[in-house]
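# Notes for the structure review
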Amino acid sequence: MATAVVTGASSGIGEATAYALAEAGFDLLLGARRQDRLAEVAEKARAAGVSVEARPLDVTSTASVQEFAAGHDAVEVVIANAGGALGLDPVEGFDEEQWRWMYDANVTGVARTVRAFLPALRASGDGRIAVVTSVAGHQTYPGGGGYTAVKHAAAAVVDTLRVELLGEPVRVLEVAPGMVETEFSKVRFSGDEERAAGVYQGVTPLTAGDVAEAITWAVTRPAHVVVARLDLMPRDQASAR
Ligand code: NJP
């Protein structure tokens with residue numbers, strides 16, 4: 001049975017992707033910081049009849065990522081999804097701590113995940129790594145300086161990886177969603193319910209399931225096909241925001 005790894009699997013896109021990959025027949029290794037939530041996701045995913053392991057993971061820690069990956073010698077699919085945004089301040093008023101965390105989680109976190117799993121992806125003979133970036137990795141908007149910068153950087157890491165791995169048995173995918181209804185905004189505005197609630201403003205966001213379905217489709221294409229980048233937007237969202 002093929003194995004898929006999902007980082008940030010305790011909620012949102014990662015959680016939905018875990019269920020979709022389980023339904024597609026993958027055994028799973030799931031990681032996130034919130035162990036109670038992760039255990040619930042693992043239990044639900046097992047209903048598809050696959051083997052599911054849940055391990056603690058903090059992608060901002062090299063040691064944590066290495067421990068997470070330990071013992072997995074052949075892995076077919078890695079979904080590097082863990083990440084998020086903090087704040088929505090103009091560049092002039094940026095919060096250094098928030099910007100540091102966003103870079104560490106969304107950019108270095110992806111690189112740590114890639115580094116930890118590349119040997120196992122190669123060993124599988126047809127590895128696939130999908131990195132969840134954002135439409136904000138290709139556009140920007142007022143107040144988006146910190147988040148768009150790190151997602152642009154994450155997209156650059158994906159592009160670099162693709163050329164570095166040319167000719168190797170690992171396919172590299174980028175998944176760039178627009179607005180998705182998850183805990184993303186709650187985390188971003190930590191506790192400011194009003195700001196979090198106003199975030200969609202006339203847009204019907206995608207569901208996490210919409211994104212999960214697309215990711216699962218992309219990583220299950222035949223071996224000669226690379227879905228290089230998936231841009232997935234709500235129909236009424238004109239641009240990143
Ligand atoms: O949000 P949420 P999404 N180490 O908050 C985990 C991108 N995106 O599903 O550690 C390990 O429900 C966290 O787990 P926990 C976004 O940038 C979103 O929307 O337990 N895991 C949780 O499982 C992100 O890259 C939208 O707190 C860490 C998960 O990440 C991805 O989609 C639009 C972690 C976050 O789940 C998933 O976000 C877009 C760490 N240090 C891109 N930090 C959108 N929702 O609108 C966080 O374009 N996690």
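Use the structure listed above.
Here's what I pulled together on the structure shown here. Computed from a predicted structure; not experimentally measured.

Aromatic rings in a pair are described by how distant their centres are and how their planes are angled relative to each other. As enumerated under the stated definition, the model contains three aromatic pairs in all. For the pair Phe68 and Phe117, a centre-to-centre distance of 5.8 Å together with 80° between the ring planes defines the contact as edge-to-face. Taken together, the residues Phe68 in helix H3 (residues 62-69) and Phe117 in helix H4 (residues 96-124) connect sequence positions 49 residues apart. For the pair Phe68 and Phe117, a shared accessibility class is recorded, and that class is buried. Centroid distance Phe94 to Trp99: 4.5 Å. Interplanar angle 50°. Geometry classified as tilted.

Close contact between H4 and helix H5 (residues 145-164) brings their axes to 9 Å; oriented N to C, the two are set at 15°. Here H4 lies roughly parallel to H5, going by the angle between them. In this structure, H4 crosses over H5, and the sense of that crossing is right-handed. Judged by residue contacts, Trp99, Met102, Tyr103, Asn106, Val107 and Val114 of H4 engage Gly145, Gly146, Tyr147, Val150, Lys151, Ala153, Ala154, Val157 and Leu161 from H5. Its residues placed into classes, the contact of H4 with H5 shows eleven nonpolar, three polar and one charged.

Strand order in the open sheet formed by seven strands is S3-S2-S1-S4-S5-S6-S9, with parallel pairing between adjacent strands. Each end of this open sheet is capped by a strand with a single partner; those strands are strand S3 (52-56) and strand S9 (229-232). For this sheet, the mean angle separating the axes of adjacent strands, direction not counted, is 15°. Pairing of strand S4 (residues 77-80) with strand S5 (residues 127-132), which is carried by four bridges, proceeds in the parallel orientation. Note that in S5 the partner of Ala80 across the bridge is Val131. Its contacts with the sheet place H3 against strand S1 (3-7), strand S2 (27-32) and S3, and it is angled at close to 160° to S3.

What follows deals with the site of the ligand. Surveying the vicinity of the ligand reveals 32 residues, the closest of which are Ser10, Arg33, Ser134, Pro177 and Thr182. With respect to the ligand, the side chain of Ser11 contributes an N or O atom lying 2.8 Å from an oxygen atom. Within the backbone of Pro177, a nitrogen or oxygen atom sits 2.4 Å from an oxygen atom of the ligand. With the chains in place, 96% of the 880 Å² that the ligand exposes on its own is no longer accessible. Elements represented by at least two residues in the shell around the ligand include exactly helix H1 (12-23), H5 and helix H6 (184-188). Partitioned by chemical class, the residues of the shell around the ligand number 15 nonpolar, twelve polar and five charged.

Right, let's talk about the pairing of S5 for a bit. Most of S5 sits out of view: six of its six residues are buried. Chirality of the crossover, the property in question, places the unit of S4, H4 and S5 among those that are right-handed. Traced from S5 through H5 to strand S6 (residues 170-177), the parallel crossover comes out right-handed.

The next point concerns the side chain of Gln237. The residue Gln237 is located in the segment after S9 in this model. Judged by relative accessible area, Gln237 falls into the buried class, the value being 6%. Among the polar contacts listed, one links the side chain of Gln237 to the backbone nitrogen of Met179, at a separation of 2.8 Å. For Gln237, the residues in contact, after removing those within four places along its chain, are Val135, Gly178, Met179 and Val203.

Before going further, it helps to spend a moment on the environment of Tyr103. You can see Tyr103 is positioned in helix H4. For the pair Tyr103 and Ala85, spaced 18 residues apart in sequence, the C-alpha separation works out to 9.7 Å. Beyond its immediate stretch of four places on either side in the chain, Tyr103 contacts Thr108, Val150 and Ala153.

Locating Leu230 in the fold gives a position in strand S9. Each C-alpha atom of the pair Leu230 and Val172 lies 12 Å from the other, and the pair is 58 residues apart in sequence. Once residues within four sequence positions are removed from consideration, Leu230 is found in contact with Glu174, Val175, Ala176, Ala214, Ile215, Trp217 and Ala218.

So, how was this worked out
Residues numbered from 1 in each chain as written. Predicted model: local features only at pLDDT ≥ 70, side-chain atom pairs only at ≥ 80, totals over all residues. Heavy atoms only, no water. Phe/Tyr/Trp six-rings, centres within 6.5 Å; stacked < 30°, edge-to-face > 60°. Helix = DSSP H or I, 4+ residues; strand = E, 2+ residues; numbered from the N terminus. Buried < 20%, exposed > 50% of the residue type's maximum accessible area, 1.4 Å probe, protein only. Axes fitted to C-alpha atoms, helices over the stretch in contact; angles between N-to-C directions. Parallel < 35°, antiparallel > 145°, perpendicular 65-115°, else oblique. Left-handed = near helix turned anticlockwise from the far one by under 90°. Contact = heavy atoms within 4.5 Å. Nonpolar A, V, L, I, M, F, W, Y, C, P; charged D, E, K, R; others polar. Pairing = 2+ DSSP bridges. Near = heavy atom within 4 Å. Polar contact = N/O pair within 3.5 Å; in protein donor to acceptor, adjacent residues only side chain to side chain. Areas by Shrake-Rupley, 256 points an atom, 1.4 Å probe, with all protein chains shown as cover. Right-handed = clockwise from strand over helix to strand, strands pointing away.

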